[in-house]
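Here are the chains, one letter per residue:
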Amino acid sequence: MNPADLCRQDADALQLATGDFLFREGDKRDKMYVLLEGEMDIRLGDYVVETARPGALIGEMALIDDSPRAANAVAKTPCRLATIDKRRFHFLIQQHPQFATHVMKELADRLRHMNAAAMR
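K.L.:
Any chance you could explain the side chain of Glu-60 here in plain terms?
P.N.:
Along the chain, the position of Glu-60 falls in the loop between strand S6 (57-58) and strand S7 (72-75). On the basis of relative accessible area, Glu-60 is assigned to the buried category, the value being 3%. Setting aside its immediate chain neighbours within four residues, Glu-60 contacts Met-32, Val-103, Leu-107 and Arg-110.

K.L.:
Which parts of the structure should I look at to understand the nonpolar core?
P.N.:
Where a protein is soluble and globular, its nonpolar side chains tend to be buried together. Counting residues in hydrophobic clusters, the biggest one holds 15 residues, and the most contacted among them are Leu-22, Met-40, Ile-58 and Leu-81. Where this core is concerned, the elements lending two or more residues are strand S2 (21-23), strand S3 (31-37), strand S4 (40-44), S7 and strand S8 (79-85). Membership of the second largest hydrophobic core comes to 14 residues, among which are Ala-4, Met-32, Leu-36 and Phe-99.

K.L.:
Would you explain the sheet that holds strand S1 (residues 14-16) in this entry?
P.N.:
Two orientations exist for strands paired in a sheet by backbone hydrogen bonds: parallel and antiparallel. What the four strands build is an open sheet, ordered S1-S8-S3-S6; its pairing is antiparallel. Each edge of the sheet is formed by a strand with only one pairing partner; in this case those strands are S1 and S6.

K.L.:
Looking at this structure, how should I read the layout of surface pockets?
P.N.:
A water-sized probe, rolled over the atoms, reveals where empty space remains. Empty space within the largest pocket amounts to approximately 650 Å³. Around the largest pocket, the lining comprises 24 residues; the ones closest to its centre are Ile-42, Val-49, Glu-50, Arg-110 and Met-114. Elements with a contribution of two residues or more to the lining of the largest pocket: S4, strand S5 (47-52), S6 and helix H3 (97-119). Sorting elements by how many residues they give to the lining of the largest pocket places H3 first, with eight residues.

K.L.:
For this particular structure, what's the right way to read the pattern of salt bridges?
P.N.:
Proximity of charged atoms lets side chains of opposite charge pair with each other. One pass over the full model with this rule turns up eight salt bridges. One salt bridge in this structure joins Arg-29 and Asp-65, with 2.6 Å as the shortest N-O distance. With Arg-29 in the loop between S2 and S3 and Asp-65 in the loop between S6 and S7, this pair connects stretches of sequence that are 36 residues apart. Asp-65 gets classed as partly exposed once you look at its relative accessible area, which sits at 29%. Note that Arg-53 is salt-bridged to Glu-39, the shortest N-O span being 3.3 Å. Taken together, the residues Arg-53 in the loop between S5 and S6 and Glu-39 in the loop between S3 and S4 connect sequence positions 14 residues apart. Residue Arg-53 is classed as partly exposed on the basis of its relative accessible area, which comes to 45%. Note on Glu-39: relative accessible area 22%, which makes it partly exposed. One continuous salt-bridge network, built from bridges that share partners, spans Lys-28, Asp-30 and Lys-31.

K.L.:
Even after reading the chapter, I still don't get the sheet that holds S2, so can you show me in this structure?
P.N.:
Taken in spatial order, the four strands of this open sheet run S2-S7-S4-S5, and their pairing is antiparallel. Each end of this open sheet is capped by a strand with a single partner; those strands are S2 and S5. Within the sheet, the average angular offset between the axes of one strand and its neighbour, ignoring direction, is 30 degrees. Taken together, the two bridges between S2 and S7 define a ladder with antiparallel strand orientation.

Rules and cut-offs
Residues numbered from 1 in each chain as written. Predicted model: local features only at pLDDT ≥ 70, side-chain atom pairs only at ≥ 80, totals over all residues. Heavy atoms only, no water. Helix = DSSP H or I, 4+ residues; strand = E, 2+ residues; numbered from the N terminus. Buried < 20%, exposed > 50% of the residue type's maximum accessible area, 1.4 Å probe, protein only. Contact = heavy atoms within 4.5 Å. Core = buried A, V, L, I, M, F, W, Y, C linked by side-chain atoms within 4.5 Å. Pairing = 2+ DSSP bridges. 1 Å grid on protein atoms, 1.4 Å probe; cavity = no way out; pocket = protein on both sides within 12 Å on 5 of 7 lines; lining within 4 Å. Points joined across faces, edges and corners; volume = space filled by probe spheres on them. Salt bridge = Lys/Arg side-chain N within 4 Å of Asp/Glu carboxyl O. Axes fitted to C-alpha atoms, helices over the stretch in contact; angles between N-to-C directions.

In structure tokens:
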């Protein structure tokens, strides 16, 4: 499943220029994003944890808990993103149950990646 397919037609998609921050570490969390176009770096300090590409979920933990953002998200290239708040998140889960499974898979993959990196 590609979440971008569910959001591609969003008329109010967020546009970012290269170098723009989507969010910063410590920011309040109340939305997640689906990267529709471009590439975005997820950074812890100066370390790039991941370079997100179209279809990627960004900031999905925002809809799971209410902790501050744990990383910085910076546009590596010009980006277009769909914004998903809690209301839309619940709607997507109800209308597309595979979306919920996809979100859980993404979280599990990131956890595995972080565990592998910590073991090196």
